[in-house]
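# Architecture at a glance
What follows is each chain in one-letter form.
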Amino acid sequence: MKKKILLVFAIILVATIAVVAAACGNSTPTQSVLFNSASKVWGKSDGKETLTYDVYRGEAAIGTYVMTGECVIGAPVTVGGETVESASGTYFTSALNVSEEIDGKTVTTAMETQSLLDTGFRVQKSYRKTTTVTDGVTKVTEIIGSYTEDNYSYTYKVDGEEVKKGDVSHSAFASSAYIDNDFIYQVARLLVGTSGLSVNVPYYNYDENGDLSTVTMENVSAAVTATDAQITGMRGDFADKEGRVWIGTQLSVSLTRDFPGSGTSFSCHIVTSYTEGEQNTPLPYALPGKIVEDEISYLLTSEERA
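Read on for an overview of the structure. (Residues numbered from 1 in each chain as written. Predicted model: local features only at pLDDT ≥ 70, side-chain atom pairs only at ≥ 80, totals over all residues. Heavy atoms only, no water.)

What follows concerns the overall build of the protein. Each helix and strand counted, the protein has three helices and 14 strands in total. Evaluated residue by residue, the protein yields a buried proportion of 50% over its 306 residues. Put simply, the protein shows about 13,100 Å² of open surface, and 46% of that area lies on carbon and sulfur atoms. (Helix = DSSP H or I, 4+ residues; strand = E, 2+ residues; numbered from the N terminus. Buried < 20%, exposed > 50% of the residue type's maximum accessible area, 1.4 Å probe, protein only. Areas by Shrake-Rupley, 256 points an atom, 1.4 Å probe, with all protein chains shown as cover.)

Printed below as a string of structure tokens:
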């Protein structure tokens, strides 16, 4: 993907849904399917979940990816340097750190995201900061987003200077789900067992220099490609080992666009249970075990609750 890859694979449609646990509030009818799944993952008493991944391009390890999710009730959270006091809902964060040789140059990328959702299952605020160092030259980009019932507003900064801002309309929440594209991997785990569910998402379009050109509201849908499938290739606590087999569902998550084309897609292998001997043990909730987009793979190494 050349020098844009470290942005593109982290965009992932490098995108993530407004999920709030049952203990945190009530969903609209449109969201009820996902809401029921989310309550098992980010409940009031479940603490903060941290998922850690090794990142590979092909067979080469290039970095790590960490994403967290937690139910917050009357707690302060940070979104883009701004502290939201007494926030209640679901708070997602992620941190990507990768380094590799691209076109003969050493490129190191650090990306951090923060997303705040209210107790009604709606995205409120989102933030993405990407720091790219290419042969010692640093570039910092930021996207600050906010949502209303039918509008997404964003500001794009480069090295601290505002260079673009705009608004994109979307369907009202009561009639169609909408998400932010910084926690789509968290969403994918909630889609197991659902049928025909799709969501709206602001999609970031970049020019040949890797700068944000436009933001469009697109549609994301998922299809099951395999069930009760063996999931291999994970790392750490989830590495392949004799006597244990990880089992789950494989999803294909795609972006549908009228123009200029069908968009991109990624596959997500959702772990739901494991077998040892002749016994199958279901997991308390589904885990995104392996995520693959083109040459880039995210391989789960650990899951922790604090």
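Quick look at the side chain of Ser302 now. Its location among the elements puts Ser302 in strand E14 (residues 296-305). Since its relative accessible area comes to 13%, Ser302 is described here as buried. In this structure, Ser302 is in contact with Thr50, Leu51, Thr52, Asp237 and Phe238, ignoring residues within four places of it in sequence. (Contact = heavy atoms within 4.5 Å.)

A few words now on the pattern of salt bridges. Summed over all chains, the structure comprises eight salt bridges. Residue Arg128 pairs with Asp182 through a salt bridge whose shortest N-O separation is 2.4 Å. On the criterion of sequence distance, the pair formed by Arg128 in strand E5 (residues 123-134) and Asp182 in the loop between strand E8 (161-169) and helix H3 (184-188) is long-range, its members being 54 residues apart. Of the residues examined, Asp182 reaches a relative accessible area of 8% and is grouped as buried. (Salt bridge = Lys/Arg side-chain N within 4 Å of Asp/Glu carboxyl O.)

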